[in-house]
Amino acid sequence: MTVLDSLLAFMIAATLLTLTPGLDTALVLRTAAAEGGKKAFQAALGIDAGCFIWGAMVAFGLGALIAVSELAFNILKWCGALYLCWLGLQMIFRPNTDLGGVNTSSVKASNWFIRGMLGNVLNPKVGVFYVSFLPQFIPQGHSPMIWTFGLVAIHAALGTIWSLILIFATRPLSHVLKRGNVIKWMNRATGGLFLFFAFKLAFSRR
């Protein structure tokens, strides 16, 4: 497989992966609709950061440990499931009804970045996917480390573009989506979705 063939094949596969509905899409959509594009973009950047963290672990061999070690996989899996449960339960039982606090402290401003990053990093299936997926697109004779980070950068760029599309798609409906009752039920619906992903992750296998 030539360099051009590898890049084209990976971009097609990564695009399909990005467009597949999942936790990242739900997080960006809910945040854009309820709290605005700025925080949604922070969540998207957090997800990208999580991808690079997994890319680094794969490049340095730690991702392979997650792929082959049942114990390492289970520890990270349960940490991720518990985190998603905590996030989902907060949204269900303590839903926001307004957008107060959007312009508060810098700690709160970075909150969605951290949530996006943790949601990605604490999902061992992302690591297993990277371990099994990325090597297939590294041309023979090229540096695995350089190509790993390069492919992750492409995946992150595609994810950012998709997130921006989702963010801008919510703008025409922003006057409806930012009503108190709509925000409250959107939080609860997203929280229920997070719980679904938590249980799905908890009972998943490598």
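Just so it is clear, the structure is predicted and the values come from calculations on it, not from any experiment. (Residues numbered from 1 in each chain as written. Predicted model: local features only at pLDDT ≥ 70, side-chain atom pairs only at ≥ 80, totals over all residues. Heavy atoms only, no water.)

1. Digging into the side chain of E35
How we decide: Starting at the N terminus, helices and strands are each numbered in turn, a helix being any DSSP run of H or I of at least four residues and a strand any DSSP run of E of at least two. Side-chain atoms alone can form a polar contact between residues adjacent in sequence; in general such a contact is a pair of N or O atoms within 3.5 Å, and within protein one must be able to donate a hydrogen while the other accepts it.
Structurally, the position occupied by E35 is in helix 2 (residues 23–35). There is a polar contact of 3.1 Å between the side chain of E35 and the side chain of W112.

2. Focus: the packing of aromatic side chains
Put simply, the rule is: The aromatic pairing rule takes the rings of Phe, Tyr and Trp, using the six-membered ring of Trp, and pairs them if the centres are within 6.5 Å, calling planes under 30 degrees apart stacked, those over 60 edge-to-face and the rest tilted. Two conditions define a charge located above a ring, namely a distance within 6 Å from the ring centre to NZ of Lys or CZ of Arg, and an angle within 35 degrees of the ring normal.
Counting across every chain of the model gives zero aromatic pairs. Over the aromatic face of W112 sits the side chain of R115, whose NZ or CZ is 4.6 Å from the ring centroid.

3. Describing the nonpolar core
Test applied: Think of a nonpolar core as a cluster: buried Ala, Val, Leu, Ile, Met, Phe, Trp, Tyr and Cys residues, connected wherever their side-chain atoms sit within 4.5 Å. Only protein chains enter the accessibility calculation, which uses a 1.4 Å probe; a residue whose area is less than 20% of its type maximum is buried, one above 50% is exposed, and one in between is partly exposed. The contact rule is simple, with two residues in contact once any of their heavy atoms fall within 4.5 Å.
Core analysis: the largest hydrophobic core is formed by 37 residues, its most contacted members being F10, V28, L84, Y130, L134, L151 and F194. Those elements that place two or more of their residues in this core are helix 1 (3–19), helix 2, helix 3 (37–59), helix 5 (70–93), helix 8 (124–133), helix 9 (144–169) and helix 11 (180–202). At seven residues, the largest contribution of residues to this core is made by helix 3. In this structure, L151 is in contact with F10, L134, F137 and I138, ignoring residues within four places of it in sequence.

4. Describing the UniProt feature "transmembrane region" (unreviewed entry) in the chain
Convention followed: UniProt positions are given in the numbering used here, feature names are shortened, and annotations may be inferred rather than shown by experiment.
Within the UniProt annotation, "transmembrane region" (unreviewed entry) is assigned to residues 46–68, 75–93, 113–133, 145–165 and 185–203. For residues 75–93, the end-to-end C-alpha separation is 27 Å, with 100% helix and 0% strand making up the annotated structure. With 100% helix and 0% strand, the stretch residues 145–165 has end C-alpha atoms that lie 31 Å from each other.

5. Points about the pattern of salt bridges
Quick reminder of the rule: Whenever a carboxyl oxygen of Asp or Glu lies within 4 Å of a side-chain nitrogen of Lys or Arg, that contact is scored as a salt bridge.
A full pass over the atoms with the stated rule returns two salt bridges. Residues E35 and R30 are paired through a salt bridge, measuring 2.8 Å at the closest nitrogen-oxygen approach. Looking at E35, the relative accessible area reads 13%, which means it is buried. Using a relative accessible area of 3% as the deciding quantity, one classes R30 as buried. Residue K39 is joined to E35 by a salt bridge in which the shortest nitrogen-to-oxygen separation is 3.6 Å. A residue is classified by how much of its surface remains accessible, and K39, at 7% relative accessible area, is buried.

6. What about helix 2?
Put simply, the rule reads: One less than the number of residues in a helix, times 1.5 Å, gives the span that helix is expected to have.
With 13 residues, helix 2 extends 17 Å between its outermost C-alpha atoms, agreeing within 8% with the 18 Å of an ideal straight helix rising 1.5 Å per residue. Burial within helix 2 is extensive, with eleven of its 13 residues counted as buried. Looking at the residues trailing helix 2, positive phi occurs at G36, about 100 degrees.

7. Here we look at the environment of L134
With respect to the secondary-structure elements, L134 resides in the loop between helix 8 and helix 9. Residue L134 is classed as buried on the basis of its relative accessible area, which comes to 2%. When the C-alpha atoms of L134 and L151 are compared, they prove to be 7.3 Å apart, with 17 residues separating the residues in sequence.

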